[in-house]
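Letter by letter, the chains look like this.
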Amino acid sequence: MLCVRGTTYRFGHIVPSSLRTALNRRKIWFSLKTGYQNEARKRASLLHTRI
């Protein structure tokens, strides 16, 4: 999931239920370090495949 915070895009990924108690989170956010939507989509796609 892409989200804009200020002028920077972020990528959110849902944590699997088996790891939620260990990480104490339901979702992890990663900064894509760009303000351009097309570039953010490319980076999010690459990040999603790595996860």
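Further up the page is the structure itself.
Before going into details, it helps to say that this report is about the structure given with it. (Residues numbered from 1 in each chain as written. Predicted model: local features only at pLDDT ≥ 70, side-chain atom pairs only at ≥ 80, totals over all residues. Heavy atoms only, no water.)

**Comments concerning the packing of aromatic side chains**
Next, step 1: In total, this model carries 0 aromatic pairs according to the counting rule given.
Next, step 2: Residue placement shows Arg10 over the ring face of Trp29; its charged tip is 4.4 Å from the ring centre. (Phe/Tyr/Trp six-rings, centres within 6.5 Å; stacked < 30°, edge-to-face > 60°. Lys NZ or Arg CZ within 6 Å of the ring centre and 35° of its normal.)

**Comments concerning the sheet that holds strand E1 (residues 2-5)**
Next, step 1: If you walk across this open sheet you meet the 3 strands as E1-E2-E3, and the pairing is antiparallel. Looking at the sheet topology across the chains shown, the edges are occupied by E1 and strand E3 (27-31). With direction set aside, neighbouring strand axes in the sheet form an average angle of 35°.
Next, step 2: Where strand E2 (residues 8-14) lies against E3, 5 bridges are found, and the strand directions are antiparallel. When the sheet's bridge partners are listed, Phe11 is paired in E3 with Phe30.
Next, step 3: With respect to the sheet, helix H2 (residues 37-50) is in contact with E1, E2 and E3, its orientation differing from that of E2 by roughly 25°. (Pairing = 2+ DSSP bridges. Helix = DSSP H or I, 4+ residues; strand = E, 2+ residues; numbered from the N terminus. Axes fitted to C-alpha atoms, helices over the stretch in contact; angles between N-to-C directions. Contact = heavy atoms within 4.5 Å.)

Function cannot be inferred from these measures alone, as they are strictly geometric.
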